[in-house]
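Analysis of the macromolecular model
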Amino acid sequence: MRALLKTARGPGNLELRDVPAPHITRDGVLIRVRACGICGSDLKIQDDRHPYTPPVVIGHEFAGEIAEIGAAVTEWAVGDRVVSEQHTLACGHCRQCLSGNAFACASKRAPGYFVDGAFAEFIQVPAWLLHRIPENLTFVEAAFTEPSAVAAHGMLERTGIAPEDIVLVLGCGPIGLVAAKMAQAAGASTVIITGVDHDEKARLPKARELGIDCVVNTSQADLAALVADLTGSEGADVVVELSGAVTAIAQAFRLARRLGRVSIIGQPPTDEVSIPYREALFRALRVSFSYSSKYTSWERVLSLFARGAIRPTQFVTHTLPLAEWESGFGLSRSGEAVKVVLEP
Ligand SMILES: [Zn+2]
Ligand SMILES: [Zn+2]
């Protein structure tokens, strides 16, 4: 089968190749991939700035239909339309797995990084990770479930949005944009989202089109003054950090109100990041770090999509065949796209 393979360590080394189709295990299913979104982490793997184990087929934001089921699988059938959580090789018996947090299992190996992913005709996954795609969603729409589940997990489940909260989302990539819409769906009174000049090509205009209450280009406007204006100088109830930029991370702690909440989801390029520690301490901020997602996050997102509270088509700006992966990666990198989805 054709697959986009990271062949070796180092920048580049990404090629569309013929590789053997995966074998399924007794409790696994083989999925014919119909759509797979390009993620910022795919670009980082291309640049050798994200952990992975080569050679590996990349791609993890996928949707497809079941082509074959393992001997022990009883609850799924060939032809079922599915999306899948990312906890391949999770052990099933550690504290994290048993408490519904398999995303944090030490033996988990996410597809597209450490085991073969979904920029390919087929992927194999354990059946217990599957979720059914609601009938009114296309495969391309369903491929937006994974990044949305990351936002739902970090912002809705770990940090929490209360009715009438003022929510500041730092960063307007696909996850930032969907987090902002999700905050509105969760009852926030005002949602502010930020970007920089580079985001004026597609992402900030998209935020305006989506009806986010306040869209700020921080290269042009003074965000701190604006937040002070909107909150009577108190600060935001919730700040969601989704830019991964070290300056924005420090700002996340400064722009939250006393006893406010900070949701850290964006991934900075370095391990050490400086934050205004005493300021955060003496304003008694509640901070939650988050990565990946869990069963409840996926069900929540599929429900938001199915009833139209969030419309994934609004985030997918480009759909291309897998063979045109290079132009897809280029569109994502240049900022001309919000979400690019490849169809194998
Ligand atoms: Zn992703
Ligand atoms: Zn485990």
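The following paragraphs examine the structure supplied in this document. Computed from a prediction, not measured in an experiment: that's the story for all the values here. (Residues numbered from 1 in each chain as written. Chains lettered and ligands numbered in written order. Predicted model: local features only at pLDDT ≥ 70, side-chain atom pairs only at ≥ 80, totals over all residues.)

Quick word on the overall build of the protein chain
Counting its secondary structure elements, the protein chain contains 11 helices and 16 strands. A principal-axis box enclosing the C-alpha atoms of the protein chain has dimensions of 60 × 40 × 40 Å. With 344 residues in all, the protein chain has 48% of them scored as buried. Considering only residue pairs separated by 6 or more positions, the protein chain has 69% of its internal contacts joining residues 24 or more positions apart. (Helix = DSSP H or I, 4+ residues; strand = E, 2+ residues; numbered from the N terminus. Buried ≥ 20, exposed ≤ 12 C-beta atoms within 10 Å, placed from the backbone. Contact = placed C-beta atoms within 7 Å.)

Brief notes about the environment of alanine 284
Mapped onto the fold, alanine 284 is located in the loop between helix H9 (277-282) and strand E14 (286-289). Exposure remark for alanine 284: the 9 C-beta atoms within 10 Å place this residue in the exposed category. Distance from alanine 284 to valine 115, taken between C-alpha atoms, is 41 Å for residues 169 residues apart in sequence. For alanine 284, the residues in contact, after removing those within four places along its chain, are Arg258 and Leu259.

Details of the pairing of strand E12 (residues 236-241)
Two faces make up the sheet, and in a regular strand the side chains alternate between them. Counted residue by residue, E12 has 6 buried out of 6 residues, so it is predominantly covered. The pairing of strand E9 (residues 166-170) with E12 spans 4 bridges and is classified as parallel. Looking at the pairing, valine 169 lines up with valine 240 of E12. Strand direction decides the pairing type here: E12 and strand E13 (residues 256-264), joined by 5 bridges, are parallel. Pairing of glutamate 241 across the sheet is with isoleucine 264, part of E13. After leaving E12, the chain enters helix H8 (residues 246-255) and then returns to the sheet as E13, a path that is right-handed. (Pairing = 2+ DSSP bridges. Right-handed = clockwise from strand over helix to strand, strands pointing away.)

Some details on the sheet that holds strand E1 (residues 2-6)
Here we have 3 strands laid out as an open sheet, ordered E2-E1-E4, and antiparallel in their pairing. A strand with exactly one partner marks an edge of an open sheet, and here the two such strands are strand E2 (14-18) and strand E4 (56-57). In the sheet, E1 pairs with E2 via 5 bridges, with the strands oriented antiparallel. Across the sheet, the residue bridging to lysine 6 is leucine 14, located in E2.

As for the sheet that holds E12
Spatial strand order, E11-E10-E9-E12-E13-E14: 6 strands in an open sheet with parallel pairing. Looking at the sheet topology across the chains shown, the edges are occupied by strand E11 (214-217) and E14. Taking each pair of neighbouring strands and ignoring which way they run, the sheet shows an average axis angle of 15°. Here E9 runs beside strand E10 (residues 190-195); their pairing, made up of 5 bridges, is parallel. When the bridges of E10 are listed, valine 167 appears paired with valine 191. Sheet strands in contact with helix H7 (residues 223-230) are E9, E10, E11 and E12, and its direction is about 175° off that of E10. (Axes fitted to C-alpha atoms, helices over the stretch in contact; angles between N-to-C directions.)

Overview of the nonpolar core
By size, the foremost hydrophobic cluster in this structure holds 103 residues, and its most contacted members are Phe119, Val167, Val169, Ala179, Met182 and Ala183. Counting only domains with at least three residues in this core, you end up with domain 1 (2-144 + 315-343) and domain 2 (148-289). Those residues in contact with alanine 179 that lie beyond four places of it in its chain are Ala151, Met155, Val169, Val240 and Leu242. (Core = buried A, V, L, I, M, F, W, Y, C linked by C-beta atoms within 7 Å. Domains from an automatic or database assignment.)

Here we look at the packing of helix H4 (residues 145-159) against helix H10 (residues 295-306)
Where H4 meets H10, the closest approach of the two axes is 8 Å, and the angle between their N-to-C directions is 110°. In terms of orientation, H4 lies roughly perpendicular with respect to H10. Crossing angle aside, the handedness with which H4 passes H10 is right-handed. Counting all contacts with H4, which are made through Thr145, Ser148, Ala149, Ala152, His153, Leu156 and Glu157, the residues of H10 involved are Thr296, Ser297, Trp298, Arg300, Val301 and Leu302. Class assignment for the residues of the contact of H4 with H10 results in 6 nonpolar, 5 polar and 2 charged. (Parallel < 35°, antiparallel > 145°, perpendicular 65-115°, else oblique. Left-handed = near helix turned anticlockwise from the far one by under 90°. Nonpolar A, V, L, I, M, F, W, Y, C, P; charged D, E, K, R; others polar.)

Remarks on helix H5 (residues 174-185)
Relative to the 16 Å expected for 12 residues at 1.5 Å per residue, H5 spans 16 Å between its end C-alpha atoms, a close match to the ideal helical length. In terms of burial, H5 is a largely internal element, 11 of the 12 residues being buried. Looking at H5, one finds that the buried residues are Pro174, Ile175, Gly176, Leu177, Val178, Ala179, Ala180, Lys181, Met182, Ala183 and Gln184. A positive backbone phi angle near 105° is found at glycine 187, which sits one or two residues after H5. (Expected span 1.5 Å × (residues − 1).)

A short note on the packing of H4 against H5
For the pair H4 and H5, the least separation of the axes is 9 Å and the interaxial angle reads 55°. The pairing of H4 with H5 is recorded here as oblique in orientation. For the element pair H4 and H5, the recorded crossing hand is right-handed. On H5, the residues touching Pro147, Ser148, Val150, Ala151, Ala152, Met155 and Leu156 of H4 are Pro174, Ile175, Val178, Ala179, Met182 and Ala183. Grouping the amino acids of the contact of H4 with H5 by side-chain chemistry returns 12 nonpolar, 1 polar and no charged.

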